[in-house]
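# Architecture and fold: a report
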Amino acid sequence: MNVNTRTFHKEYLSSLEASREVPEDIVPYWNSLGLSELVIGQMELCLVEVVNNVFEHAYENNEGDRFEATSYMTKAQDLIIEISDFGNAMPSGLLQELLSSDFVEPVADDPETWLQSRRGMKIIQELSDKLEYFSHQNRNTLKLQKNAS
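All of the points below concern the structure found in this document.

On to the packing of helix α1 (residues 18-32) against helix α2 (residues 37-58). Between α1 and α2, the least distance of the axes is 9 Å, while the angle of their chain directions is 150 degrees. Between α1 and α2, the crossing angle belongs to the class labelled roughly antiparallel. By crossing handedness, the relation of α1 to α2 is classed as right-handed. Contact residues: Ala18, Ser19, Val22, Pro23, Ile26, Val27, Trp30 and Asn31 in α1; Ile40, Met43, Glu44, Leu47, Val48, Val51 and Asn52 in α2. Its residues assigned to classes, the contact of α1 with α2 comprises 11 nonpolar, three polar and one charged.

So, in structure tokens, the structure goes:
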């Protein structure tokens, strides 16, 4: 964490455990910003989903590939979270498709609904105020914005 600019930035290696490591590191930073427990809990859930997606989709479940987590607060009291990877980019138009699709509720006696892919992006969409995805020179970034005021 760079104390001068009040920005959290750290590099990680992709793995199943990374979805626990990143929140363990970043939540104390969010606490230092004075964020409410509600905002922290919501953004922690989003962070877990994004980091899992990096492992599963960008790096095809391969361990040891590099990704970065960055977070900061804007003057307008928006919490920004950026997760950047250097793996497979999200296909063009997929984010919009994911965000416009319906959330499928898991049904106890319908196993088809248990493993419903895309549920994570719907959760992220519901808990964030704004989502952006951009890919440039082999760097793919999902940017979440949440008003914290």
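Turning next to the pattern of salt bridges. On inspection of all chains with the given rule, the structure shows four salt bridges. Glu68 is the salt-bridge partner of Arg66, the closest N and O atoms lying 3.0 Å from each other. Arg66 gets classed as partly exposed once you look at its relative accessible area, which sits at 34%. Taking the relative accessible area as the measure of exposure, Glu68 reaches 8% and is therefore buried. What you see here is one network of salt bridges that share partners, running through Glu11, Arg66, Glu68 and Arg139.

Another point: α1. Helix length check: α1, at 15 residues, gives a terminal C-alpha distance of 22 Å against a target of 21 Å (1.5 Å per residue), a fit within 8%. The largest bend in α1 amounts to roughly 30 degrees and is located at Ile26, with the proline Pro28 lying one to four residues further along. The set of residues buried in α1 consists of Ala18, Ser19, Val22, Pro23, Ile26, Val27, Tyr29 and Trp30. Each element contacted by the buried residues of α1 is listed here: β1 (8-13), α2, β2 (66-73) and β3 (78-85). Once α1 ends, the next one or two residues include Gly34, with phi positive near 80 degrees.

The next subject is the sheet that holds β1. Spatial strand order, β1-β2-β3-β5-β4: five strands in an open sheet with antiparallel pairing. Every interior strand has two partners, whereas the edge strands, β1 and β4 (130-136), have only one. With direction set aside, neighbouring strand axes in the sheet form an average angle of 15 degrees.

Further remarks concern the environment of Phe55. Relative to the assigned elements, Phe55 resides in helix α2. Accessibility expressed as a relative area gives 7% for Phe55, which makes it buried. Sequence separation of Phe55 and Ser15 is 40 residues, and the distance between their C-alpha atoms is 6.1 Å. In contact with Phe55, other than residues within four places in its own chain, are Ser14, Ser15, Leu16, Glu60, Asn61, Asn62 and Glu63.

Taken together, the side chains of Glu17, Glu21, Glu24, Glu44 and Glu63 define an acidic patch exposed on the protein surface. Among the structural elements, Glu44 can be located in helix α2. For Glu44, a relative accessible area of 31% puts it in the partly exposed group.

On to the packing of aromatic side chains. In the structure shown here, the tally under the stated rule is two aromatic pairs. Considering the side-chain rings of Phe8 and Tyr29, the 6.0 Å spacing of their centres and the 40 degrees angle between planes classify their relative orientation as tilted. Of this pair, Phe8 sits in strand β1 while Tyr29 sits in helix α1, placing them 21 residues apart in sequence. Side by side, Phe8 and Tyr29 carry an identical accessibility label, which is buried. Seen in terms of ring centroids, Tyr12 and Phe67 are 5.6 Å apart; in terms of plane orientation they differ by 25 degrees. Their pairing is stacked. One end of the pair, Tyr12, is in strand β1; the other, Phe67, is in strand β2, with 55 residues separating them in the sequence. For the pair shown, Tyr12 and Phe67 are each scored as buried. When the ring centre of Phe86 is taken as origin, the NZ or CZ atom of Arg66, which lies over that ring, is 4.0 Å away.

Definitions and limits used
Residues numbered from 1 in each chain as written. Predicted model: local features only at pLDDT ≥ 70, side-chain atom pairs only at ≥ 80, totals over all residues. Heavy atoms only, no water. Axes fitted to C-alpha atoms, helices over the stretch in contact; angles between N-to-C directions. Helix = DSSP H or I, 4+ residues; strand = E, 2+ residues; numbered from the N terminus. Parallel < 35°, antiparallel > 145°, perpendicular 65-115°, else oblique. Left-handed = near helix turned anticlockwise from the far one by under 90°. Contact = heavy atoms within 4.5 Å. Nonpolar A, V, L, I, M, F, W, Y, C, P; charged D, E, K, R; others polar. Salt bridge = Lys/Arg side-chain N within 4 Å of Asp/Glu carboxyl O. Buried < 20%, exposed > 50% of the residue type's maximum accessible area, 1.4 Å probe, protein only. Expected span 1.5 Å × (residues − 1). Bend = angle between axes of the 7 residues up to and from the residue. Pairing = 2+ DSSP bridges. Patch = residues over 30% accessible without salt bridge, like charges linked within 9 Å, V, L, I, M, F, W, Y side chains within 5 Å. Areas by Shrake-Rupley, 256 points an atom, 1.4 Å probe, with all protein chains shown as cover. Lys, Arg positive; Asp, Glu negative; His and termini not counted. Charge placed at Lys NZ, Arg CZ, Asp CG, Glu CD. Phe/Tyr/Trp six-rings, centres within 6.5 Å; stacked < 30°, edge-to-face > 60°. Lys NZ or Arg CZ within 6 Å of the ring centre and 35° of its normal.

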